Amino acid sequence: MQQEAKQLTTIVDDNPRAIVAARMMSRGYAPVLLRPRSKVPLLSAWQKDPVDCAVWLEEDPSLNLGWRQGLQPNGKRLLAVDDDGGLQKLVETLGVLPPTWEQLTPSGGRHLVYRVPVGAKLSNRVRVAGQAVDVRCDGGFIAIAPSELEAGVYRVTNQGPLVDLPERWLACLRAVEPPAPVPLPAHLEPSLERALRY
């Protein structure tokens, strides 16, 4: 655990993006190339075909950098909590989240990255339990410092270590929320009522 903390301290800081990508890859984490001043992946096969991001970033330092979530090359599975202002409400329900690697986003939100069990298959979620909190895990990524958008720059506020997501949070994220009901068009309602009578 102590060694992981030491490694993460230098992964994402104010160094050029190529150095950050090289450090991430050397520690078994999965960087993602993003378009300049954007959160859009540069390559369509970003989930399947790993590339040497450091080399690409040396060639084009304007590219942004992301961190793929889910299963990492080092065998760990990661999940990012993306707080857009609703985290406090979830904390009241699910309990406090322990300090972990964290960054501020250009829009004023926060990303917190946690370890989750390797066997946990967790999908990306928008608005957890109705709050302005998203999660990124399998099939997802977050843009990371020192990337920049039109709105500003990502800034790391806690450089590690990565810690486990608490069990109550994990249970909440494993639960499948029912889809929102789709209203039936008015012209079909009488037909449905007749069908339900039989």
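One can find the structure itself at the top, above this paragraph.
Keep in mind that what you see is a predicted model, and the values were worked out from it rather than measured.

Asks: I'm lost on the pairing of strand β2 (residues 64–68) in this one. Help?
Replies: Walk down a regular strand and you will see the side chains alternate between the two sheet faces. Across the five residues that make up β2, a large majority, five, are buried. Both faces of β2 are covered, namely the face carrying Asn64, Gly66 and Arg68 and the face carrying Leu65 and Trp67. Where strand β1 (residues 31–34) lies against β2, four bridges are found, and the strand directions are antiparallel. Each residue of the ladder has a partner; that of Pro31, found in β2, is Trp67. Two strands pair when backbone bridges link them, and β2 and strand β8 (residues 141–143) are joined in this way by three bridges, in the antiparallel orientation. Pairing of Arg68 across the sheet is with Phe141, part of β8.

Asks: What is the right way to read helix α2 (residues 17–26) from this model?
Replies: Spacing of three or four residues puts side chains on the same side of an α-helix, whose turn is 3.6 residues. Among all positions in α2, only Arg17, Ala18, Val20, Ala21 and Met24 are buried. When α2 is viewed along its axis, its buried side chains cluster within an angular range of 160 degrees and face the same direction. Residues of α2 that are buried in the fold lie against β1, α3 (53–59), β2 and β9 (148–149). Just downstream of α2, Gly28 is the residue with a positive phi angle, here 85 degrees.

Asks: What is the right way to read the packing of aromatic side chains from this model?
Replies: A complete count under the given rule lists three aromatic pairs for this structure. When the centroid spacing of 5.5 Å and the interplanar angle of 85 degrees are considered together, the rings of Tyr29 and Trp67 count as edge-to-face. You can see Tyr29 sitting in the loop between α2 and β1 and its partner Trp67 sitting in strand β2, a full 38 residues away along the chain. Members of the aromatic cluster, each reached through a chain of ring pairs, are Tyr29, Trp67 and Trp101.

Asks: Is there a simple way to think about unusual backbone geometry in this case?
Replies: The phi angle of most residues is negative, glycine excepted, and most peptide bonds adopt the trans form. Along the chain, Ala145 connects to Pro146 via a cis peptide bond; the corresponding omega equals 10 degrees. Looking at the secondary structure, you find Pro146 in the loop between β8 and β9. In the segment running from Gly160 into Pro161, the intervening peptide bond is cis, with an omega of -5 degrees. When you line up the elements, Pro161 lands in the loop between β11 (155–158) and α5 (167–174). We note that Arg127 has phi near 60 degrees; this positive angle belongs to a residue other than glycine.

Asks: Honestly, the pairing of strand β5 (residues 101–104) in this entry has me stumped. Any pointers?
Replies: Pairing of β5 with strand β6 (residues 110–116) involves four bridges; the strand directions are antiparallel. Bridge pairing links Glu102 to Leu112 in β6. Linking β5 back to β6 in an antiparallel pair, the connection comprises five residues, with Gly108 at a positive phi of about 95 degrees. Where β5 lies against β11, three bridges are found, and the strand directions are antiparallel. Within β11, the position partnered with Gln103 by the bridge is Val156.

Asks: How do you make sense of the environment of Val91 when you look at a structure like this?
Replies: Along the chain, Val91 falls in helix α4 (residues 87–94). Spatially, the C-alpha atom of Val91 lies 9.2 Å from that of Trp169, the residues being 78 residues apart in sequence. Not counting chain neighbours up to four residues away, the residues in contact with Val91 comprise Val96 and Trp169.

About the cut-offs
- Residues numbered from 1 in each chain as written.
- Predicted model: local features only at pLDDT ≥ 70, side-chain atom pairs only at ≥ 80, totals over all residues.
- Heavy atoms only, no water.
- Buried < 20%, exposed > 50% of the residue type's maximum accessible area, 1.4 Å probe, protein only.
- Helix = DSSP H or I, 4+ residues; strand = E, 2+ residues; numbered from the N terminus.
- Pairing = 2+ DSSP bridges.
- Arc of directions from axis to C-beta.
- Contact = heavy atoms within 4.5 Å.
- Phe/Tyr/Trp six-rings, centres within 6.5 Å; stacked < 30°, edge-to-face > 60°.

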